[in-house]
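Below are the chains, spelled out letter by letter.
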Amino acid sequence: MTSAYRNALLLSLGPAAGIGLGRFAYALLLPAMQADLGWSYAAAGWINAANAAGYLGGAMLAPALAQRVGAARAFAAGLAMLLPALAAVALTRDVAALAALRLLAGGSGGVVFVCGGLLAVGLSLRAGSGGLVLGTFYAGTGLGMILSALAVAPLLGIAGAPHWPQGWLILAGLSALCAALALLPLRDGLGASVRQASSRGPTPLRFWRILAGYLLFGLGSIGYMTFIYGHLAESAGGWRQAMLFWCALGLAAVAAPWIWRRLIGGASPERSFALLVAANAVGSVLPFLMPGALGLWLSAFLFGSTFFSTVAATSAFASALPQAFDRGRAIRAFTIAFALGQFAGPVVLGWTADLTGRLDAPLMFAGLVVLAGAGLGLIEQRPDAIDGA
């Protein structure tokens, strides 16, 4: 195991804590919180939107923090802020307080993701195997999903909905463990070697096209991540089927660097982005187009393996931009676009689900939105077409 890959593996426990446990595990606790607190789908969506708003703020702040104190220190600070934000959720039932804590957790996750991404880009540029290193870092989120499913789902399935506060305490404990391991590479002086341009060069038009596609990807895919667990938990299979499905999503994400390694590290980052997003769209609608076990597990494989690989593909795209273009700003722009989509997605989908009384139609529409994002990556363009920034 090379030192670059080992460091990427340890760093991946940052997004495991900040995103897998701190962000997406909300989907596992949501059915219990809805039942115990009497939330509508729209209210549940707003709490998730607060987390997305915090994520957006953290992503916007992260490059300035990285420039001021270094990406490594900002990464560590984001992890330190996450732990009390998760634990404190167990202490209140007030919606405003819960939203504020989810906002804080989202902010810490945004800092961890962007600054950790800068560290991973630096590793990938030195390693010569960028697709594997980047994919490994972002796949850490899948490990967080597996941990959360195995720890939280049985608790709520057996003890019942009123025990959701204990679930948040478990998430905080797991996040503390992941954070401690994620900080180990920083002892070796690991820093971001992403070029920070002294002046802005021309911005390629293809950058804006992929950025718009990534916003649509975030808008559509977050609905699936927010509500699919609750949808399955209420089906005939119950919480056990939902837990296994969530673990399958996480396992697919962990395996994704090897599944999509050649594609992410290929010569055409735009084409890689488009193919991954298209596969994600197909995966998100399979449970409804192909009812039964086959559709469910194919959905877990396609969605789980492509959701975080698409994030890695945008980092690979940023690495391939001209040297005059600030790659740190590019990663921040992608993270912000994704966060904007994730802010709006749960609210719109939750509101629509409340109106229709069902989740299948809104989730199908969300899949079409993701497919539109894939289309933007397939638009042919002259190599020299640029837009002055």
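One can find the structure itself at the top, above this paragraph.
Residues numbered from 1 in each chain as written. Predicted model: local features only at pLDDT ≥ 70, side-chain atom pairs only at ≥ 80, totals over all residues. Heavy atoms only, no water.

1. Notes on the overall build of the chain
Here is step 1: Scanning the chain from N- to C-terminus turns up 15 helices and 2 strands.
Here is step 2: Summarising the internal contacts of the chain: among those between residues at least 6 apart in sequence, 83% fall at separations of at least 24.
Here is step 3: Per element, the accessible surface of the chain, about 14,400 Å² overall, is 67% carbon and sulfur. (Helix = DSSP H or I, 4+ residues; strand = E, 2+ residues; numbered from the N terminus. Contact = heavy atoms within 4.5 Å. Areas by Shrake-Rupley, 256 points an atom, 1.4 Å probe, with all protein chains shown as cover.)

2. Describing the environment of alanine 42
Here is step 1: Checked against the element boundaries, alanine 42 lands in helix H4 (residues 41-69).
Here is step 2: The spatial distance from the C-alpha of alanine 42 to the C-alpha of proline 346 is 7.9 Å, given a sequence separation of 304 residues.
Here is step 3: In this structure alanine 42 touches Gly350, Trp351 and Asp354, once residues within four positions along its chain are discounted.

3. Some details on helix H5 (residues 71-88)
Here is step 1: Along its 18 residues, H5 runs 27 Å from first to last C-alpha, staying within 8% of the 26 Å computed at 1.5 Å per residue.
Here is step 2: By the burial criterion, the buried members of H5 are Ala71, Ala72, Ala74, Phe75, Gly78, Leu79, Leu82, Ala85 and Leu86. For H5, the angular spread of the buried residues around the axis is 155°, confining them to a single face. (Expected span 1.5 Å × (residues − 1). Buried < 20%, exposed > 50% of the residue type's maximum accessible area, 1.4 Å probe, protein only. Arc of directions from axis to C-beta.)

4. Some thoughts on the packing of aromatic side chains
Here is step 1: Applying the stated criterion across every chain, the model contains 21 aromatic pairs.
Here is step 2: Measuring from ring centre to ring centre gives 6.3 Å for tyrosine 55 and phenylalanine 113, while their planes differ by 50°; the resulting arrangement is tilted. Of the two residues, tyrosine 55 is situated in helix H4 and phenylalanine 113 in helix H6 (residues 95-127); the sequence distance between them amounts to 58 residues.
Here is step 3: When the ring centre of tyrosine 55 is taken as reference, the NZ or CZ atom of arginine 23 above it lies at 4.8 Å. (Phe/Tyr/Trp six-rings, centres within 6.5 Å; stacked < 30°, edge-to-face > 60°. Lys NZ or Arg CZ within 6 Å of the ring centre and 35° of its normal.)

5. Examining the packing of helix H3 (residues 26-37) against helix H8 (residues 164-182)
Here is step 1: Contact geometry of H3 with H8 gives a least axis separation of 9 Å together with a crossing angle of 155°. It follows that H3 is roughly antiparallel to H8 by the angle criterion. As for the relative orientation of H3 and H8, their crossing is left-handed in sense. Residue-level contacts link Tyr26, Leu29, Ala32, Met33, Asp36 and Leu37 of H3 to Trp164, Gly167, Trp168 and Leu171 of H8.
Here is step 2: Residue composition of the contact of H3 with H8, grouped by class: 8 nonpolar, 1 polar and 1 charged. (Axes fitted to C-alpha atoms, helices over the stretch in contact; angles between N-to-C directions. Parallel < 35°, antiparallel > 145°, perpendicular 65-115°, else oblique. Left-handed = near helix turned anticlockwise from the far one by under 90°. Nonpolar A, V, L, I, M, F, W, Y, C, P; charged D, E, K, R; others polar.)

6. A closer look at empty space enclosed by the protein
Here is step 1: All chains considered together, the criterion is met by 3 cavities of 30 Å³ or more.
Here is step 2: Here the largest cavity defines a volume of roughly 80 Å³.
Here is step 3: Looking at the largest cavity, the residues that line it are Tyr55, Phe113, Val114, Tyr138, Tyr214, Val311, Thr314, Ser315, Ile331, Phe334, Thr335 and Phe338.
Here is step 4: Elements that contribute at least two residues to the lining of the largest cavity include exactly H6, helix H13 (293-319) and helix H14 (327-356). (1 Å grid on protein atoms, 1.4 Å probe; cavity = no way out; pocket = protein on both sides within 12 Å on 5 of 7 lines; lining within 4 Å. Points joined across faces, edges and corners; volume = space filled by probe spheres on them.)

7. A few points about the packing of helix H9 (residues 205-233) against H13
Here is step 1: Where H9 meets H13, the axes come as close as 11 Å, and the angle between the chain directions of the two elements is 150°. Taken together, H9 and H13 sit at an angle that is classed as roughly antiparallel. The crossing of H9 and H13 is left-handed. Contact residues: Arg206, Phe207, Ile210, Tyr214, Phe217, Ser221, Tyr224, Met225 and Leu232 in H9; Leu296, Ser299, Ala300, Phe303, Phe307, Thr310, Val311, Thr314 and Phe317 in H13.
Here is step 2: Tallied by class, residues from the contact of H9 with H13 come to 13 nonpolar, 4 polar and 1 charged.

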